[in-house]
Amino acid sequence: MVQKITPRSVDDSAWYTDVVQAAELADYSPVRGCMVIRPYGYAIWENMQQYLDQRFKATRHQPAYFPVFIPQSFIQKEAEHIEGFAPQLAVVTHGGGEKLEEPLIVRPTSETIINAMYAKWIRSYRDLPVLYYQWCNVVRWEMRTRLFLRTMEFLWHEGHTAHATADEAMKEVMLILEIYRKLTEEEMAMPVIPGRKSESEKFAGADATWTIEAMMGNKWALQAGTSHFLGQHFAKVFNIQFLDETNQLQMVWQTSWAVTTRLIGALVMVHGDDQGLRLPPRLAPIQVVVVPIWKSDEERGQVMPVVERITGELGKHVRLHVDDRADLSPGFKFNDWELRGVPLRLELGPKDVQKGQAVLARRDLPAKQNKSTVMLDALVPEVQRLLADIQSNLFNQALRFREENTFYPATYDELGKAVAKGFAVAYWCGSAECEKKMIEETKATIRCIPMQQDGKAGHCIVCGGEAKEKAVFARSF
Ligand SMILES: [Zn+2]
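Presented here is a report on the structure given in the accompanying data block.

Definitions and cut-offs
Every chain is numbered independently, its residues counted from 1 as its sequence is written. Thresholds applied to this predicted model are a pLDDT of at least 70 for local features of residues and 80 or more for the giving and counting of side-chain atom pairs; totals over whole chains, interfaces and linings are not thresholded and use all residues. By convention in this description, side-chain values take in all heavy atoms of the structure and omit both hydrogens and water. Residues grouped as a nonpolar core are buried Ala, Val, Leu, Ile, Met, Phe, Trp, Tyr and Cys residues, joined through side-chain atoms within 4.5 Å. Classification of residues uses two cut-offs on accessible area relative to the type maximum, computed with a 1.4 Å probe and protein chains only: under 20% is buried, over 50% is exposed, and between them is partly exposed. Whether two residues touch is decided by their heavy atoms; if any such pair falls within 4.5 Å, the residues are in contact. Centres within 6.5 Å are what make two rings of Phe, Tyr or Trp a pair, Trp counting through its six-membered ring; a difference in plane orientation under 30 degrees is then read as stacked, over 60 as edge-to-face, and the rest as tilted. Secondary structure counts use DSSP, requiring at least four H or I residues in a row for a helix and at least two E residues in a row for a strand, with both numbered from the N terminus. A pair of strands counts as paired when DSSP detects no fewer than two bridges linking them. Each axis is a line fitted through C-alpha atoms, taken for helices only over the stretch in contact, and angles between the N-to-C directions span 0 to 180 degrees. A donor here means an N, O or S atom no more than 2.8 Å from the metal, or no more than 3.2 Å when the metal is Na, K or Ca. Since water is not included, a site may seem to lack partners. Under this scheme a four-donor centre is tetrahedral when all angles range from 85 to 135 degrees, a four-donor centre is square planar and a six-donor centre octahedral when opposite donors are above 155 degrees with the rest from 65 to 115, and any other centre is irregular. The term polar contact refers here to a pair of N or O atoms within 3.5 Å; inside protein, the definition further demands a hydrogen-donor-capable atom paired with an acceptor-capable atom, and it admits residues adjacent in sequence only when both atoms are side-chain atoms. Think of a 1 Å grid over the protein atoms and nothing else: a 1.4 Å probe that fits but is trapped marks a cavity, an open set flanked by protein within 12 Å on at least five of seven lines marks a pocket, and residues with an atom within 4 Å of a point count as lining. Grid points are joined across faces, edges and corners, and a volume is the space filled by probe spheres set on the points. Each residue is assigned to one class: nonpolar for Ala, Val, Leu, Ile, Met, Phe, Trp, Tyr, Cys and Pro, charged for Asp, Glu, Lys and Arg, and polar for all the others, Gly among them.

### What to know about the nonpolar core
Phase 1: Residues Leu25, Met48, Leu52, Met190 and Met216 are the most contacted members of the largest nonpolar core, which totals 60 residues.
Phase 2: Setting aside anything within four residues of it in sequence, one finds Leu52 in contact with Trp135, His157, Ile179, Tyr180, Leu183 and Val259.

### Here we look at the packing of aromatic side chains
Any two aromatic rings considered together are summarised by their centre-to-centre distance and by the angle between their planes.
Phase 1: Tallied over the full model, the rule gives 12 aromatic pairs.
Phase 2: Where Trp45 meets Trp135, the ring centres are 5.7 Å apart and the plane angle is 85°; that geometry is what we call edge-to-face. In this pair, Trp45 is assigned in helix α2 (residues 39-58) and Trp135 in strand β7 (residues 130-139), connecting sequence segments 90 residues apart.
Phase 3: When its relative accessible area of 2% is taken as the criterion, Trp45 is described as buried.
Phase 4: Look at Trp220 and Phe477: their rings are 5.2 Å apart centre to centre, the planes differ by 55°, and that puts the pair in the tilted class. Of this pair, Trp220 sits in the loop between β10 (208-215) and β11 (221-231) while Phe477 sits in the segment after β25 (469-474), and the two are 257 residues apart along the sequence.
Phase 5: An aromatic cluster is built from Phe66, Tyr118, Trp121 and Tyr132, whose rings are joined through pairwise contacts.

### Observations regarding the sheet that holds strand β22 (residues 445-450)
Phase 1: Overall, mixed pairing links the 11 strands, which are arranged β3-β7-β8-β14-β11-β10-β9-β22-β25-β21-β20 in an open sheet. For this open sheet the edge positions go to β3 (62-63) and β20 (406-407), each flanked by a neighbour on one side alone.
Phase 2: Here eight bridges tie β10 to β11, and the two strands are oriented antiparallel to one another. Residue Ala208 lies in a different strand from β11, and its bridge partner there is Phe229.
Phase 3: Each of β7, β8 (153-163), β9 (193-196), β10, β11 and β14 (253-260) touches helix α6 (residues 166-187); the most contacted strand, β14, lies at about 10° to it.

### Side note on the coordination of the zinc ion
Phase 1: The protein atoms that coordinate the zinc ion are Cys429 (SG), Cys434 (SG), Cys460 (SG) and Cys463 (SG), at distances of 2.3 Å.
Phase 2: Classification of the site at the zinc ion as tetrahedral follows from its four donor atoms and the range of 100 to 118° in their angles at the metal.
Phase 3: Read N to C, the donor residues that coordinate the zinc ion are spaced as C-x4-C-x25-C-x2-C.
Phase 4: Take Cys434: its relative accessible area is 8%, and that puts it in the buried class.

### Observations concerning the pairing of β7
Phase 1: Within β7, eight of the 10 residues are buried, which leaves it mostly tucked inside the rest of the structure.
Phase 2: Sheet topology note: the β3/β7 ladder contains two bridges and is parallel. Within β7, the position partnered with Pro63 by the bridge is Tyr133.

### Quick word on unusual backbone geometry
Phase 1: Note that the residue after Leu128, namely Pro129, is joined by a cis bond; omega there is -5°.
Phase 2: Residue placement: Pro129 occurs in the loop between α5 (111-121) and β7.
Phase 3: Phi angles above zero are rare outside glycine, and Lys368 is one such case at about 80°.
Phase 4: If you trace the backbone, Lys368 turns up in the loop between β18 (357-362) and β19 (371-375).
Phase 5: By relative accessible area, which is 88% here, Lys368 ends up exposed.

### Some points on the side chain of Lys197
Phase 1: Locating Lys197 in the fold gives a position in the loop between β9 and β10.
Phase 2: Overall, Lys197 belongs to the buried group, its relative accessible area being 4%.
Phase 3: Among the polar contacts made by the side chain of Lys197, one reaches the main-chain carbonyl oxygen of Arg447 at a distance of 3.0 Å.

### Brief notes about helix α1 (residues 12-22)
Phase 1: With eight of its 11 residues buried, α1 lies for the most part within the structure.
Phase 2: Taken together, the buried positions of α1 are Asp12, Trp15, Tyr16, Thr17, Asp18, Val19, Val20 and Ala22.
Phase 3: Buried residues along α1 sit in contact with β1 (26-28), α8 (262-271) and α10 (330-339).
Phase 4: Between a side-chain oxygen at the N-terminus of α1 and the backbone nitrogen of Ser13 the separation is 3.1 Å; the capping residue is Asp11.

### Notes on empty space enclosed by the protein
Phase 1: Applying the stated criterion to the full structure yields one cavity of 30 Å³ or more.
Phase 2: Estimates place the volume of the largest cavity at around 50 Å³.
Phase 3: In terms of residue count, helix α12 (residues 379-404) provides more of the lining of the largest cavity than any other element does, three residues in total.
Phase 4: In terms of residue class, the lining of the largest cavity is built from six nonpolar, one polar and one charged.

### Side note on the pairing of strand β17 (residues 344-348)
Phase 1: Of all five residues making up β17, five are buried, and the element is well covered by its neighbours.
Phase 2: Residues of β17 alternate between two faces, with Leu344, Leu346 and Leu348 on one and Arg345 and Glu347 on the opposite face, all of them buried.
Phase 3: Where strand β15 (residues 288-292) and β17 come together, five bridges link them in parallel fashion. Bridge assignment links Val290 to a residue of β17, and that residue is Leu346.
Phase 4: Direction of pairing for β17 relative to β18: antiparallel, over a ladder of four bridges. Looking at β18, one finds that Arg345 is bridged to Ala361.

Next comes the structure, spelled out in structure tokens:
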């Protein structure tokens, strides 16, 4: 049954949970803190995976798989890393009915175990670069569950690379960030701001972290993907050395990077409305839903053969589904597929069949502006044209929303007001004291220092001191 959805204006958080559950993307699990990803949600994830796999492989990365259990001593080897992850670790102390000699950590991320293997495999400059990634689950202890956004276990890929030089590793960080930017902007239709994290926000054990940050429908920020320059931290700890061309022993330079199932939550929050999901066509498990309309068996006999003919042809070009459930009214079906965010609905009744046409309804536009009629012999190109238009329209709507809710405060007082309403862009001197003061007083954080800067110097919005770069300030998930 179609569930009642809390209006977004009433309670954004309740709206989000209602949509995720009613659209059958995910559900709460019997284990507190964990979630069950249902087939419709998983199908979106599969589409993201396919896109990324193609890009990773086209840039010479190779998938592999490393164990879910990590010896506790591995995690403890890197001080910053353990400090960053300690409160979130799940520890296995017993196995096979006996207490383990050394506890095992359920992976929160795999730097340590992968680098232990790299130390064994990497010998010479000829072995480099090593460009591996894996699709897997990770566990970080968490009780305040929000489906997709904050769960104890989630799915991701994690890339771990080793290079001969810092320069090569830095190029890798940027290559991956650009793949993530394309995934989010071109596939998810979600505009992002690529930039660098502040020292306090960077990954535990990284020299620097690059991120893409997106504005959600409640005007908060969400970190959509990260690409870390690890320098030689892990190389030193795990002793990953190689002989260079001149037979000198060198340490490798490394990166790691990830996006997670959190992105599905972002997709909901960026595009959803009070009717439910709105999915960008490129990632939608169903791009076109066909709803045949009839009242009698005679009408059914007229409509269904035409449905079969056109879907046979259209199905070669788009992911489609025919909703021929006999016991439900067309109106119910319309609502049901709107809730699930299917980008385009094709309606076909007996009168349409007589005229050789069909009605198309877009999910991205408001009711009454969203319908058009198409002649059946022009159906395939028209559907393709509309799907492309929906994809770019969703991006443009999200971009306009971000622009309308981005402010450029001139004083610290204005900054506080700006971050309560959306993103604030202002100069920051780079000091941790200013950052800390701002976090405590405004509840916002520095989301990133955007890569795109105008090159002009200015004055820190917090202390008034000299500043070379602008930062994005916002509240975040
Ligand atoms: Zn300052």
